[in-house]
Number of protein chains: 2
Amino acid sequence: MGNLALEPLDRPEGMTTHEYAHRRLRQAIMVGSIRPGESLTIRGIAEAMESSPTPVREALRRLSSEGALRVLDNRRIMVPRMTADRFSELVSLRAVLEQHAARRAVPHITERRIDRLEEIDRAQDEAIARKDNATALLLNQEFHRTLYTANPEQVIMPMVESVWLQLGPFLGIAMEHVAQLYFVDRHHEAIAALRKRDENAVAAAIKADISEGIGGFERAAIENLLRLAGQ
Amino acid sequence: MGNLALEPLDRPEGMTTHEYAHRRLRQAIMVGSIRPGESLTIRGIAEAMESSPTPVREALRRLSSEGALRVLDNRRIMVPRMTADRFSELVSLRAVLEQHAARRAVPHITERRIDRLEEIDRAQDEAIARKDNATALLLNQEFHRTLYTANPEQVIMPMVESVWLQLGPFLGIAMEHVAQLYFVDRHHEAIAALRKRDENAVAAAIKADISEGIGGFERAAIENLLRLAGQ
DNA sequence: ATCCTGAAAATGTGATCACAAAAATAATTA
DNA sequence: TAATTATTTTTGTGATCACATTTTCAGGAT
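Quick caveat, the model's predicted, so the values are computed rather than measured. (Residues numbered from 1 in each chain as written. Chains lettered and ligands numbered in written order. Predicted model: local features only at pLDDT ≥ 70, side-chain atom pairs only at ≥ 80, totals over all residues. Heavy atoms only, no water.)

**Student:** Explain the protein's contact with DNA strand D here, please?
**Tutor:** Of all residues adjacent to DNA strand D, which total 19 residues, the nearest are Thr-17 and Ser-52 of chain A together with Arg-43, Arg-57 and Arg-61 of chain B. Among the atoms of DNA strand D lying within 4 Å of the protein, the sugar-phosphate backbone contributes 57%. Within the side chain of Ser-52 of chain A, an N or O atom sits 2.3 Å from a phosphate oxygen of DNA strand D. Between a base nitrogen of DNA strand D and a side-chain N or O atom of Thr-54 of chain A, the distance comes to 3.0 Å. Breaking the surface near DNA strand D down by element, the ones donating at least two residues are helix H1 (17-30) and helix H3 (53-65) of chain A together with helix H2 (42-48) and helix H3 (53-65) of chain B. Per-element tally for the surface near DNA strand D: the top contributor is H3 of chain A, with three residues. Broken down by class, the residue content of the surface near DNA strand D amounts to four nonpolar, eight polar and seven charged. (Near = heavy atom within 4 Å. Polar contact = N/O pair within 3.5 Å; in protein donor to acceptor, adjacent residues only side chain to side chain. Helix = DSSP H or I, 4+ residues; strand = E, 2+ residues; numbered from the N terminus. Nonpolar A, V, L, I, M, F, W, Y, C, P; charged D, E, K, R; others polar.)

**Student:** What am I meant to see in the relation of the copies chain A and chain B here?
**Tutor:** For the pair of chain copies, the relating operation is a rotation around an axis with a shift along it. For these two chains of identical sequence, chain A goes onto chain B by a turn of 180 degrees and a shift of 0.0 Å along the axis, with RMSD 0.0 Å. In symmetry terms, the pair is related by a two-fold rotation axis. Both copies contact each other with a shared surface, as 100% of the interface residues of chain A are interface residues in chain B too. (Least-squares fit on C-alpha atoms with pLDDT ≥ 70 in both. Contact = heavy atoms within 4.5 Å.)

**Student:** Would you explain the domain arrangement of chain A in this entry?
**Tutor:** Residues and elements named next belong to chain A. Once the domains are mapped, chain A shows domain 1 (3-78) and domain 2 (84-228). Using C-alpha coordinates to define each centre, domain 1 is positioned 25 Å away from domain 2. At the interface, 12 residues of domain 1 touch 14 residues of domain 2. Interface area for domain 1 against domain 2, summed over the two sides, is near 1100 Å², with a carbon-plus-sulfur share of 61%. (Domains from an automatic or database assignment. Buried area = accessible area lost by both parts, 1.4 Å probe.)

The structure is reproduced here in structure tokens:
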């Protein structure tokens with residue numbers, strides 16, 4: 001198991017070991033630094049982060065419940081392989097889920113939060129300008145998360161994150177084989193709609209952002225990319 | 001922790017202990033036989049099913065990732081309390097999610113599977129007729145699951161099940177305080193639409209089934225029910 | 001060379017133990 | 001009697017160990 005993939009992370013005081021392991025693995029998967037098909041061993045991870053099998057196993061179980069990992073019949077654990085079909089399924093689900101999340105957020109949004117969204121968007125534009133894909137990706141996620149969590153009753157966010165998590169490994173592949181991820185940015189449109197509290201317009205902007213962004217990959221391009229990556 | 005709530009379950013050969021614990025707890029929560037707010041202890045559960053803390057902890061972690069359980073700051077684990085707001089959020093999410101799942105299933109549906117759906121629906125009608133709420137509930141879930149899993153690429157089903165799981169405890173309360181759960185049955189309508197491969201009609205039937213079924217509870221009724229149950 | 005076979009190493013699983021934190025109970029004080 | 005403190009019990013957590021299964025690999029047979 002590549003130790004490079006598992007970069008150490010800040011560990012706030014009081015955080016349990018299994019929680020730390022979960023966050024670290026999650027992050028690695030989310031940004032696509034673990035190869036799909038690569039199988040993870042409990043002991044390997046435990047050693048890599050200087051702990052023991054017990055908490056690592058708990059972290060892996062959680063991640064498999066979140067769809068980030070798959071448990072094989074051999075009981076071996078791996079990052080699921082991406083297919084064109086699965087990709088299409090994930091993207092369409094993402095669109096539906098996030099449109100809904102956006103709609104339900106609108107009644108709770110404050111001007112204060114919209115300002116914060118603008119700020120995040122500016123930072124993302126800067127990251128894109130200096131071709132810092134990883135940061136741009138993270139800021140894009142933060143934009144969406146900041147919007148949806150305006151709704152205080154959170155049942156959707158974990159599912160949205162689950163979809164992101166499942167899409168992560170593909171992004172890793174894409175970043176490797178495509179020189180520059182091109183970001184579509186319908187965020188300005190979303191912000192304008194938010195200022196007017198126009199649910200339909202917000203939902204439309206989010207839908208466009210997704211379907212022209214990650215959803216913009218043509219099926220043929222996906223298959224090509226996956227073939228190149230040896231999936 | 002009430003041992004009554006944890007009825008023994010079939011344990012197929014080769015099933016691991018943590019998997020068995022997960023299924024058993026999941027089932028108990030799904031049908032609402034564990035009180036919201038009731039806190040679960042690892043050792044208590046381990047003793048109740050004659051195993052040890054390790055696998056039980058793994059099961060609990062999975063269930064908390066599935067939204068079925070909540071981990072408090074004390075690290076105590078409990079079934080989350082229901083509120084009117086959360087309920088509304090869950091029901092609207094359920095409608096969106098399942099409409100989408102139904103749409104994506106239509107292209108893959110076979111006559112054979114539609115026959116099976118009819119059969120399940122008949123069985124459910126019988127269960128309703130003899131006022132067997134628990135069985136009717138389970139058969140209703142099986143109807144929906146059988147429809148959605150026509151799509152071979154399954155990324156939505158775990159999320160649908162997560163919503164069911166989160167609604168489960170409320171159903172337990174409802175069954176206790178309402179003499180008879182009244183089931184709305186738009187299944188015939190869905191089946192007819194499926195025969196015609198009419199995606200929009202299928203989605204409409206599912207939406208109606210949900211919003212007139214569990215979604216039919218008025219907000220005032222919910223609040224009343226929750227107050228009665230001491231939530 | 002290719003396929004089989006058996007030994008060795010690696011791996012997942014679950015029980016047990018020690019430790020620290022939290023909760024419950026008993027004892028003490030105002 | 002009520003509030004506070006001290007003690008005991010309960011509980012979550014994580015490391016370690018033993019066992020069974022799987023994987024890996026070396027050596028031999030066809």
